[in-house]
Amino acid sequence: MSENLNPFAIAQAQLDKAASILQLDPDMHAFLREPMREFHFTIPVRMDDGRVQTFKGFRVQYNDARGPAKGGIRFHPDETIDTVRALAAWMTWKTAVADVPLGGGKGGVVCDPRKLSTGELERLARGYMRNIAGIVGITQDVPAPDVNTNPQIMSWMLDEYEVIARHREPGVITGKPLALGGSAGRSPATAMGGMVTIREAARVLGLPLAGATCAIQGYGNVGSFAHKLAVEVLGLNVIAVSDEYGGVYAGNGLDPDIVSTHIRRHGKLNECVGTDPCTNADLLEMKVDVLIPAAIENQVTGQNADRIQARIVAELANGPTTPEADKILTEKGVYIIPDFLCNAGGVTVSYFEMVQNAYQFYWDEALVQQRLDQKMTTAFQAVHEMAKQKKVETRVAAYLVAVDRVAEAVRLRGWV
Ligand code: NAD
């Protein structure tokens, strides 16, 4: 039978496994398996040629027992409601494992942003916000960037919200530019949080990181910062990186400044000077100490997991590994840093951004980094200890920590 790659079915299967180990009350389990609320809408956008194109948009508030829903907005041609549901579920577990007082949500628009002009993109972003303005806010639901959305898109959305609300409320959205109330250190935060978890994993495995080899799939916000920080902070030798068009390889290591300059000029990694080409499939299966999937879901599957040679798989992307691949990697003794732990640095600094917006008092980058490191180290240790204590793999351990915290909030509220 072929593998079920529906991301929401995968998220539910992961929860089911944790629920059975936790002996979670069946009524609680049934409640946590489904999103609490979801919104489906259309966004008519006047295109530059005068036509009106209708886009499909979603916002899912998966669970807000621990605080307002929190999660990014993805613009992607393959976006589906089930992807948004899965990402919203993972946000719920992520805010819980990072122990920030927020719930989980996610949004998306089915569109190909590369085919939109800047004006069309702005009208789409504002149209999206007009649809959700009534259901977001600092006490309800706080969006942020995700794949193909960025600080400029957050700025348009913030402005549209404030026009409708007729007051300033910078905390309604995070990942903003500094000039509109963004936090120092937000752009590298997801990658930086991941570096903390890799450092901690290497420590418990007794693996020296200086000079250890690394491959990174995806070269957007998360992957490009992961490259820079893996080299500068951990001393890793990053030998391969890729984007959706393919990858580049250099056995002696890729210089992040050269690769970033190349991608800024050419829009893709192809033909970066001093490198050989490789495919995404080659990259995932390379003999490296640390493999960092930082692109999209379902990259390590039952089809290729037995050929993965990494010692540590640090999941900066959401949902890169399927349950079948999980089984195979666990049998091979690969140490997985599960997605909603590994990439929790982004939401952690988004939470810091909300705190700074509320106080109208801003921290410098060193303080943000220090607090991020503390939060990520604590989260890693909680998951690692749980894995040891219950003798389960790290993904299940992360679920045990997170589900227990969310279930406690649900119980205290008397919902179940
Ligand atoms: P992005 O849009 O900035 O970059 C995505 C990168 O992945 C691009 O380089 C793109 O070319 C590449 N890519 C897309 N499809 C690919 C494919 N099939 N094969 C190989 N590469 C492919 O997005 P991002 O913000 O860097 O997010 C990357 C991942 O990290 C996503 O899974 C996202 O949900 C997750 N994440 C992001 C944040 C954040 O703060 N941005 C936080 C937590 C998790």
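It should be noted that the structure appears before, not after, this text.
Residues numbered from 1 in each chain as written. Predicted model: local features only at pLDDT ≥ 70, side-chain atom pairs only at ≥ 80, totals over all residues. Heavy atoms only, no water.

Asker: Could you clarify how one ought to interpret the overall build of the protein chain in this entry?
Answerer: Helix and strand counts for the protein chain come out as 14 helices and 12 strands. Relative to the 2.2 N^0.38 estimate, which gives 22 Å for 416 residues, the radius of gyration of the protein chain is 20 Å and therefore close to what a compact globule would have. When its C-alpha atoms are laid out on the principal axes, the protein chain stretches across 55 × 55 × 50 Å. Taking all contacts inside the protein chain whose residues are at least 6 apart in sequence as the whole, residues at least 24 apart take part in 70%. By element, 51% of the accessible surface of the protein chain is carried by carbon and sulfur atoms, the whole surface being about 16900 Å². With 42 positive and 48 negative side-chain charges, the protein chain shows a separation of 3 Å between the mean positions of the two kinds. (Helix = DSSP H or I, 4+ residues; strand = E, 2+ residues; numbered from the N terminus. Rg over C-alpha atoms; globule rule 2.2 N^0.38 Å. Contact = heavy atoms within 4.5 Å. Areas by Shrake-Rupley, 256 points an atom, 1.4 Å probe, with all protein chains shown as cover. Lys, Arg positive; Asp, Glu negative; His and termini not counted. Charge placed at Lys NZ, Arg CZ, Asp CG, Glu CD.)

Asker: Please explain the side chain of Asn 343 as it appears in this structure.
Answerer: If you trace the backbone, Asn 343 turns up in the loop between α11 (339–342) and α12 (345–359). Reaching out from Asn 343, the side chain makes a polar contact with the side chain of Lys 94 at a distance of 2.7 Å. If we ignore the near neighbours within four places in the chain, the residues touching Asn 343 are Lys 94, Thr 190, Glu 315, Leu 316, Ala 317 and Asn 318. (Polar contact = N/O pair within 3.5 Å; in protein donor to acceptor, adjacent residues only side chain to side chain.)

Asker: Got a minute to help me understand the packing of helix α1 (residues 7–22) against helix α14 (residues 394–413) in this structure?
Answerer: Helix-helix packing is described using two parameters, namely the angle between the two axes and the distance between the axes. Between α1 and α14, the shortest axis-to-axis distance is 9 Å and the interhelical angle comes to 75°. Overall, the two elements α1 and α14 adopt an arrangement that is roughly perpendicular. Contact with α1, carried on its side by Ala 11, Gln 14, Leu 15, Lys 17, Ala 18, Ile 21 and Leu 22, involves Arg 395, Val 396, Tyr 399, Leu 400, Val 403 and Asp 404 of α14 and no other residues of that element. Looking at the contact of α1 with α14, its residues break down into 9 nonpolar, 1 polar and 3 charged. (Axes fitted to C-alpha atoms, helices over the stretch in contact; angles between N-to-C directions. Parallel < 35°, antiparallel > 145°, perpendicular 65-115°, else oblique. Nonpolar A, V, L, I, M, F, W, Y, C, P; charged D, E, K, R; others polar.)

Asker: Mind showing me how you'd approach the pattern of salt bridges here?
Answerer: Side chains bearing opposite charge may pair, as long as their charged atoms lie close to each other. Within the structure shown, the criterion is met by 30 salt bridges. Two residues, Arg 85 and Glu 38, come together in a salt bridge whose shortest N-O distance is 2.7 Å. Of this pair, Arg 85 sits in helix α3 (residues 81–97) while Glu 38 sits in strand β1 (residues 37–46), and the two are 47 residues apart along the sequence. The salt bridge partner of Arg 51 is Asp 49, with a shortest N-O separation of 2.9 Å. Taking relative accessible area as the criterion, Arg 51 reaches 45% and is therefore assigned partly exposed. Among the charged side chains, a network of salt bridges with common partners joins Glu 122, Arg 126, Arg 130, Asp 159 and Glu 160. (Salt bridge = Lys/Arg side-chain N within 4 Å of Asp/Glu carboxyl O. Buried < 20%, exposed > 50% of the residue type's maximum accessible area, 1.4 Å probe, protein only.)

Asker: Any chance you could explain the sheet that holds strand β4 (residues 104–110) here in plain terms?
Answerer: Think of a sheet as strands paired side by side through backbone hydrogen bonds, with each pair either parallel or antiparallel. Across the sheet, which stays open at both edges, the 5 strands sit in the order β1-β2-β4-β3-β5 with mixed pairing between neighbours. Pairing within the sheet leaves two strands with one partner each, and these edge strands are β1 and β5 (141–145). The average undirected angle you get between the axes of adjacent strands in this sheet is 25°. Sheet topology note: the strand β2 (residues 52–63)/β4 ladder contains 7 bridges and is antiparallel. Looking across to β4, one finds that Arg 59 is bridged to Gly 107. α3 rests against β1, β2, β3 (69–76) and β4 of the sheet, and its axis sits at about 35° to β2. (Pairing = 2+ DSSP bridges.)

Asker: Would you mind going over the site of the ligand with me for this structure?
Answerer: Inspection of the region around the ligand gives 23 residues, with Thr 190, Tyr 219, Val 222, Glu 244 and Asn 318 positioned closest. In the environment of the ligand, an oxygen atom lies 2.8 Å from a nitrogen or oxygen atom belonging to the side chain of Thr 190. At 2.9 Å, a backbone N or O of Tyr 219 approaches an oxygen atom of the ligand. Protein contact buries 86% of the 830 Å² of open area that the ligand shows by itself. By residue class, the composition of the shell around the ligand is 8 nonpolar, 9 polar and 6 charged. (Near = heavy atom within 4 Å.)

Asker: How should I be thinking about the environment of Val 204 in this particular structure?
Answerer: The topology assignment puts Val 204 in helix α6 (residues 189–205). We classify Val 204 as partly exposed; its relative accessible area is 33%. Along the sequence, Val 204 and His 384 sit 180 residues apart, while their C-alpha atoms lie 8.9 Å from each other. Excluding residues that lie within four positions of it along the chain, Val 204 makes contacts with Tyr 335, Phe 380 and His 384.

Asker: I would appreciate a short explanation of the sheet that holds strand β8 (residues 246–249) in the present structure.
Answerer: Taken together, the 7 strands give an open sheet; going across it, the order is β9-β8-β7-β6-β10-β11-β12, and neighbouring strands pair in mixed fashion. Since the sheet does not close on itself, it has two edges, and those belong to β9 (276–278) and β12 (335–337), each with one partner. Direction aside, neighbouring strands of the sheet carry axes that sit 20° apart on average. Across 4 bridges, strand β6 (residues 213–217) lies against strand β10 (residues 290–293) in parallel orientation. Across the sheet, residue Ile 216 finds its bridge partner in β10, namely Ile 292.

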